[in-house]
Amino acid sequence: MGKIYNEDFPLQRYISFHKLLEEYDRMAEGEDEFLAQRAKYVLEVQEPYPELREGFTDVALLKKHEKVIKIILQDSFSSVLTRNEIKVASLPYYDITFNGSERFEEILAAAGEDFELKVRGVPEELSYIMGCTVILNFYYGFKLDFKRPLYYDIPDGKGVMKHYRILYNADFIDLIPTDKAKELTQADVDELLENLDNIEVWKEKIPPGSFISKGFVISNMFDATTEHAISEIKSNLISNDKRAGDDFVENLQGIFRSFFNILDINVGFVTYNPNDNKFEKVHGKHMNSYLLHNKEMQSCSDALCHGSYSKLLKEKKYFAISNVDKYYEMSGGLAPYKGLKEQGIKSAIFAPIANEGQLLGVLELVSTNVNELNTVNAQKLEDIMPFIVTAVLRSAAEEENLIDAIIQHECTTVHSSVYWKFREEAKRFIDDQIDGKQPSFNEVVFKDVYPLYGQIDIKDSSQARNSGIQKDLMIQLSTINTIISRAWEKYKLPIYEELLYRINNLLEEIKEVLNTNSEQAIFDFVKEEVLAVFDHLKANDEELKDLIAAYEEAIDSSTESYYDHRKNYDESVMRINKELAMVIDQRQEDAQEMFPHYFERYKTDGVEHNMYIGDSISGQLPFNPLYLSNLRLWQLQVMCEMENTHYNLKPDLAVPLDVASLMLVYSTSLSIRFRMDEKRFDVDGTYNARYEVIKKRIDKSYIKGTNERLTQPGKLSIVYSQKKDELEYLRYISFLKSKGYFTNNIEIVELDGLQGVTGLKAIRAEILYKKGEETKQTYTYEDLMEELKA
């Protein structure tokens, strides 16, 4: 051992017993004879060694004068308590100890000869500042709180790390300024407080070696392993990116070993899926599950025996196995004993992670030693389970957010009926990412689903729009014609006459027919030629300036053109779409309650919707053809309700547009695939594509042998190809006719062949409108059956 290192530190540290010896000086002159005699004995023993009073930096003197020092410190280190107290003399914030109690020395001996005792809690980069704060507090009188908990981390004889909290008694130490010490003001302290990360400022105010620390401290310690373990568990569990951390599991196992004072402990986790009643593997680096072993997931009833199932899932209580081999024999090799035995596990504790009665997962603690884990030490988990529950809840919320983010990124908005499937895929994506694989979001496919399609189309919408454009353009050109005519009359400039000629030509053109490029051609003509003339006229003619101002007042700022009839058309279409979409969206909530199915609705010149129903979409719910029949009947009712909504809305529209309704019946099941590039579902495969072809072409179809379009205002057209579908829908229509949805005007027609599609037929049913009424009653397939039985 060499000398105490005092370079580059504000304190020159000297070991000295002068303050304690001064106490003995006073006691030797006191009236208590016993204490005086004891004090004189201590002083006589020390007197031949003045360095013990004056102070020294040579650490070797501690060993040389060990017996004398022990006598000096005997009253401070009670022999009666030496086997109980963990106590040692030392220098503050320095790894030198001497005169330890018997228990302290036993703890050190158990750690092994190579163990090096070091104080934990003082970061090396802050040690100079720590010394400065001691000086500022105890010499200058500035109250700075820089205290941090200090620990000795010492392994026991079994290799389990124990943590001992250090409390210093600094009664026997003095701070003495040297010639390097400076006077400090509040302004100096303020500057120090603003520069914690600038060591040079601290060295300038409190130079190295500017004070002498003379004396020693008594380090009183207590075993804080349990409290420290709980704190470390909290810190580890609330950290971000826990599962992806390389050392998370290793650190957690070390903490649990300290917490239970058992070296042979391993930690595992499983999550609980309440929908499938399954345990699922937690993906992460070095994450294990001893219940699942090498499985990704397993039914809880298969992973547990009746007793453990009842304890964990029903009672939400700990399940401890003190002797796996014993219970394996008693149970005849049932789970979980069979799997534990195969892994070499001899004792285990399974702790339910539950919140408000809902199981979230299971904490697994296992040991390869019999009786190491048992019902008694399982109770220690009461102190840490709340933190584990909080961490699992937080982790679950983070995972849900991540799943939603992945689904939104990969698939945009996903309908609630199929969200579960996307969630499974997103979880697999996250697990692959955590496992270091290259994650990719696989296409989601639902097989053997039945499609339903319907549309309410605004009739002759293109003609109505073109009519509005035509009227607006004619009004705009006529107004321009009036202004330019007046300019020609006043100024007789040939350029005005030529401009009038072109305006009149444009008026004649659009009066006859509105070509596809007419609107843009007139817009360019006005912007490039007419507006320049208007600017000139406004600057030079007050009369024309007023006419032009009136023209500009009528021009819409967003379209930079006359926008009146088109606006009426656009607003009428928007209102129809809004009201119809609201009806089907609200009614969809009821339909999903009957049985989950995929639904999408979109607006064009009218409202279209697609629905798909089948076993692969319903997940855990068993599908029955009854639900398909029910959805078809529901669709018929809602189409009639939407028609009635339009009927009551039409008188209030600026442009009284008509609508025509159409449904497609397709009895063959098909597959749908979510197209990742297009962010939408589409039918899967060449054969199934026939459905999409029919869907896109039927609204343009004609009744066979005539020029009459299938879709007509006031009638609901149901297109099909199978006789059984015809009979089914005639039955529905008959039922709904009795409920006031249809009139007696029902017809069956054949359709002209479409490109690539032949043999289609349609039922056209005249809708019974109800003025000012809303059909609130929804009739189900069961209602239909009851009606037929009556």
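This write-up is about the structure you can find in this document. The structure displayed is predicted, hence computed values, not measured ones.

Thresholds, definitions, all that
Residues numbered from 1 in each chain as written. Predicted model: local features only at pLDDT ≥ 70, side-chain atom pairs only at ≥ 80, totals over all residues. Heavy atoms only, no water. Phe/Tyr/Trp six-rings, centres within 6.5 Å; stacked < 30°, edge-to-face > 60°. Helix = DSSP H or I, 4+ residues; strand = E, 2+ residues; numbered from the N terminus. Buried < 20%, exposed > 50% of the residue type's maximum accessible area, 1.4 Å probe, protein only. Lys NZ or Arg CZ within 6 Å of the ring centre and 35° of its normal. Salt bridge = Lys/Arg side-chain N within 4 Å of Asp/Glu carboxyl O. Polar contact = N/O pair within 3.5 Å; in protein donor to acceptor, adjacent residues only side chain to side chain. Contact = heavy atoms within 4.5 Å. Axes fitted to C-alpha atoms, helices over the stretch in contact; angles between N-to-C directions. Left-handed = near helix turned anticlockwise from the far one by under 90°. Nonpolar A, V, L, I, M, F, W, Y, C, P; charged D, E, K, R; others polar. Parallel < 35°, antiparallel > 145°, perpendicular 65-115°, else oblique. Core = buried A, V, L, I, M, F, W, Y, C linked by side-chain atoms within 4.5 Å. Pairing = 2+ DSSP bridges. Expected span 1.5 Å × (residues − 1). 1 Å grid on protein atoms, 1.4 Å probe; cavity = no way out; pocket = protein on both sides within 12 Å on 5 of 7 lines; lining within 4 Å. Points joined across faces, edges and corners; volume = space filled by probe spheres on them.

### Observations regarding the packing of aromatic side chains
Here the structure, examined in full by the defined rule, presents 17 aromatic pairs. Relative to Tyr627, the ring of Phe595 has its centre 4.1 Å away and its plane inclined at 15°; by these criteria the two rings are stacked. On the criterion of sequence distance, the pair formed by Phe595 in the loop between α22 (565-594) and β19 (598-604) and Tyr627 in helix α24 (residues 625-649) is long-range, its members being 32 residues apart. Residue classification places Phe595 among the buried positions, given a relative accessible area of 6%. Put simply, the rings of Phe17, Phe98, Phe172 and Phe216 touch in pairs and so form one group of aromatic residues. For the cation-ring pair, Lys203 lies above Tyr128, with the distance from its terminal atom to the ring centre recorded as 5.5 Å. Cation over ring: Lys341 sits above Tyr328, and NZ or CZ is 5.3 Å from the ring centre.

### Remarks on the pattern of salt bridges
Scanning all chains against the criterion turns up 43 salt bridges. A salt bridge links Lys205 to Glu204; the shortest N-O distance between them is 3.6 Å. Classification of Lys205 as buried rests on a relative accessible area of 11%. Between Asp325 and Lys341 there is a salt bridge, and its shortest N-O distance comes to 3.2 Å. Taken together, the residues Asp325 in helix α14 (residues 324-331) and Lys341 in helix α15 (residues 337-342) connect sequence positions 16 residues apart.

### Quick look at the side chain of Ser701
One can find Ser701 in the loop between α25 (689-697) and β24 (715-720). Reaching out from Ser701, the side chain makes a polar contact with the backbone oxygen of Ile698 at a distance of 2.6 Å. Ignoring sequence-local partners within four residues, the contact set of Ser701 consists of Arg709, Leu710, Leu751 and Leu754.

### A look at the packing of helix α18 (residues 461-491) against helix α20 (residues 518-540)
In the contact formed by α18 and α20, the axes pass within 11 Å of each other and the chain directions differ by 35°. Note that α18 runs across α20; the crossing there is left-handed. Judged by residue contacts, Ile469, Leu473, Gln476, Leu477, Ile480, Ile483, Ile484, Ala487 and Tyr491 of α18 engage Glu519, Ile522, Val526, Val530, Val533, Phe534, Leu537 and Asn540 from α20. When the residues that make up the contact of α18 with α20 are grouped by side-chain class, the tally is 14 nonpolar, two polar and one charged.

### Considering α14
Two residues of an α-helix separated by three or four positions point the same way, owing to the 3.6 residues in each turn. Two to three positions downstream of the cap, the backbone nitrogen of Asp325 sits 3.3 Å from a side-chain oxygen, assigning the N-cap of α14 to Asn323. Of the residues trailing α14, Gly332 is marked for its positive phi of about 75°.

### Points about the packing of α22 against α24
Each packed pair of helices is defined by two parameters, the angle between the axes and the distance between the axes. The interhelical angle for the contact between α22 and α24, taken along N-to-C directions, is 155°, at an axis separation of 10 Å. When the interaxial angle is binned, α22 and α24 end up roughly antiparallel. α22 and α24 meet at a crossing whose hand is right-handed. Residues Arg575, Ile576, Glu579, Leu580, Val583, Ile584, Arg587, Gln588, Ala591 and Met594 of α22 touch α24, and the partners they reach there are Tyr627, Asn630, Leu631, Trp634, Val638, Glu641, Met642, Thr645, His646 and Leu649. The class makeup of the residues in the contact of α22 with α24 is twelve nonpolar, four polar and four charged.

### Let's talk about the nonpolar core
Grouped together as the largest cluster of nonpolar side chains are 44 residues, with contacts concentrated most on Ile576, Leu636, Met642, Leu716, Ile718, Tyr729 and Phe742. Every element with two or more residues in this core is listed here: β16 (445-458), α22, β20 (606-613), α24, β21 (659-665), β24, α26 (723-738) and β26 (761-767). No other element matches the ten residues that α24 contributes to this core. In contact with Phe742, not counting residues within four places along its chain, are Leu636, Cys640, Leu716, Ile733, Leu736, Lys737, Ala765, Glu766, Ile767 and Leu768. Of all hydrophobic cores here, the second largest spans 30 residues; its members include Ile4, Ala39, Val59 and Tyr94.

### Here we look at the side chain of Gln46
Topologically, Gln46 is positioned in helix α2 (residues 33-46). A residue is classified by how much of its surface remains accessible, and Gln46, at 4% relative accessible area, is buried. Contacts of Gln46, omitting those with residues within four sequence positions, involve Leu21, Leu52, Arg53, Val68 and Ile72.

### A closer look at the pairing of strand β14 (residues 347-355)
With seven of its nine residues buried, β14 lies for the most part within the structure. Pairing of strand β13 (residues 319-321) with β14, which is carried by three bridges, proceeds in the antiparallel orientation. Paired with Ala320 across the two strands is Ile349, which belongs to β14. Strand direction decides the pairing type here: β14 and strand β15 (residues 358-367), joined by nine bridges, are antiparallel. When the sheet's bridge partners are listed, Ile349 is paired in β15 with Leu365. Hairpin connection from β14 to β15: two residues lie between these consecutive antiparallel strands, with Glu356 at a positive phi of about 50°.

### Description of α26
Between its first and last C-alpha, α26 extends 23 Å over 16 residues, near the 22 Å set by a 1.5 Å rise per residue. Buried within α26 are the following residues: Asp725, Glu726, Glu728, Tyr729, Tyr732, Ile733, Phe735 and Leu736. Within two residues after α26, Gly740 carries a phi angle of roughly 90°, on the positive side.

### Details of the layout of surface pockets
What the second largest pocket holds in volume is close to 750 Å³. For the second largest pocket, the lining is made up of 27 residues, of which Tyr93, Val134, Phe138, Tyr168 and Ala170 are closest to its centre. Those elements that provide at least two residues to the lining of the second largest pocket are β1 (11-15), α7 (127-138), β6 (161-169) and β7 (173-177). Of all the elements, α7 adds the most residues to the lining of the second largest pocket, at five residues. Residue classes in the lining of the second largest pocket are distributed as 18 nonpolar, three polar and six charged.

### Points about the pairing of β26
Within β26, five of the seven residues are buried, which leaves it mostly tucked inside the rest of the structure. Sheet analysis places β24 next to β26, joined by six bridges and oriented antiparallel. Note on β26: the bridge partner recorded for Lys715 is Glu766. Here strand β25 (residues 742-750) runs beside β26; their pairing, made up of six bridges, is antiparallel.

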